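Coordinates in review
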Amino acid sequence: MGIGQITIIQENTASGGLKSVERTTLFIGLAAAGAEFDKLHSIGQATDLDAILGAGASTLKTNIEAARLNAGANFTGWAVPLEAEGAHTWDTALEMALDMPNNIYPEKVAICDPAETGADLEAMQAAAISAQNVYGKYISIHTAAPSILETESWSEYSTRIKALVNGKALHRVTVVPQLHGNNLGVVLGRLDNDAYSVGDTPMRVRSGSVVALGAAPVDSNGVELNMGHITDLAAARFSVPQWYTNFDGTYWADHMTLDAEGGDFQVYENLRVMDYITRRIYVLMIQKIADRSLNSSASSTSFHEGFFMAPIYEAAKGSVLNGEPKPGLVKKPQDGDIVITWRSATEVELAILAAPIDCPKKITTRIALDLNRLGAE
């Protein structure tokens, strides 16, 4: 070589940060007169909801207000106000928000007008799966369900509302009866609060009582909603508030999905953690398309086991506050939690495990007297 040469190549190692979509919700529902209908609006704590959703009352505005109160100072999301005879229904509004040019990526979608039939719920599951297949976006849909009518007894209401979900296996759908008028917004705000971990259930008592839940309903016989009714609805897979005898405040039960019996995603926090990890591994997989550094050699396999498990290691990081350990989203990975298998020279398959953290939702204490110690001191 006749002269010296210097070449600098800046490598992109795909080790940068990934954007977070968690704790964001897209609210869709009918709005009052004067709303900016059929448009996507960004919303936060300072948003003037009257300006974009109309000055009058609506279930959309009521639930967004409840979500903001329960979500804390960093609440952000989107809203699409609909007109009764307007250009969009909830499903076309969702598609408009996910598609170009809007192209938003919410973690959750709230359908604020109550679902009336099981077919409505099936359409929501289909929309969530379509978002995954068409846009590569992993979302869950959380819908309101009707409250009790003034003419109904609790028994009649129970029969009517259970018909919505009976026999349904829809793991990306949760159903929240609007018993207090704003239940959907309350629980979604509780989930969006960044004082929570994404792996936490809204049942968590130490996070405090819910905020601004509406007035408790009564049935046609004047019987007020009680924990017997709540337990009945929770057993049918509805997401409901709850309270404890001789303990102040109103809290929440499990945020149930309509996953089939025995499914991994019967409670929303399991699906939420799975989506959290999936979104991050999805990006890493795209980065490795046609990258020959991923190959079947032992050195490549060893490196890429760590590469693809990085989101799970990150999710497993905990902290300590005042001596009390605070867990991550999942348990620390173990050897064998990832297996890389080459199906051919151009096709590779990953098998990855992530173990959720234990969570005490039922605590039993046995207390007994030790009479053998009488007179021992």
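Here, every reference points to the structure presented above.
This structure is a prediction, so every number in the text was calculated from the model and none was measured.

**Here's the deal with the pattern of salt bridges**
Evaluated as defined, the whole model comprises 18 salt bridges. Between Glu324 and Lys326 there is a salt bridge, with its nearest N and O atoms 3.6 Å apart. Overall, Glu324 belongs to the partly exposed group, its relative accessible area being 32%. Lys331 serves as the salt-bridge partner of Asp358, at 3.7 Å between the closest nitrogen and oxygen. Placement of the pair is Asp358 in the segment after strand E13 (348–352) and Lys331 in the loop between strand E11 (324–326) and strand E12 (338–342), with a sequence separation of 27 residues.

**Points about the pairing of strand E3 (residues 76–82)**
Within E3, six of the seven residues are buried, which leaves it mostly tucked inside the rest of the structure. Relative to E3, strand E1 (residues 25–30) is paired through six bridges, and the arrangement is parallel. Looking at E3, one finds that Ile28 is bridged to Val80. Direction of pairing for strand E2 (residues 41–44) relative to E3: antiparallel, over a ladder of four bridges. Paired with His41 across the bridge in E3 is Ala79.

**A short note on the nonpolar core**
Membership of the largest hydrophobic core comes to 44 residues, with the highest contact counts inside it found for Leu26, Ile28, Leu94, Leu121 and Ile141. With six residues, the top contributor of residues to this core is helix H3 (residues 90–98). Filtering out sequence-adjacent residues up to four positions away, Leu26 remains in contact with Leu40, Trp78, Ala79, Val80, Leu94, Ala97, Ile104, Pro106, Lys108, Val109 and Ala110. Ile64, Ala67, Val186 and Val210 belong to the second largest nonpolar core, which has 29 residues in total.

**A word on the side chain of Asp337**
Tracing the backbone shows Asp337 in the loop between E11 and E12. An unpaired buried charge is present at Asp337: no salt bridge exists, and Lys331, the closest side chain of opposite charge, is 10 Å distant. At 2.8 Å, the side chain of Asp337 and the backbone nitrogen of Gln334 are in polar contact. Not counting residues up to four positions away in its chain, the partners in contact with Asp337 are Met309, Ala351, Ile352 and Leu353.

Conventions we followed
Residues numbered from 1 in each chain as written. Predicted model: local features only at pLDDT ≥ 70, side-chain atom pairs only at ≥ 80, totals over all residues. Heavy atoms only, no water. Salt bridge = Lys/Arg side-chain N within 4 Å of Asp/Glu carboxyl O. Buried < 20%, exposed > 50% of the residue type's maximum accessible area, 1.4 Å probe, protein only. Helix = DSSP H or I, 4+ residues; strand = E, 2+ residues; numbered from the N terminus. Pairing = 2+ DSSP bridges. Core = buried A, V, L, I, M, F, W, Y, C linked by side-chain atoms within 4.5 Å. Contact = heavy atoms within 4.5 Å. Lys, Arg positive; Asp, Glu negative; His and termini not counted. Polar contact = N/O pair within 3.5 Å; in protein donor to acceptor, adjacent residues only side chain to side chain.

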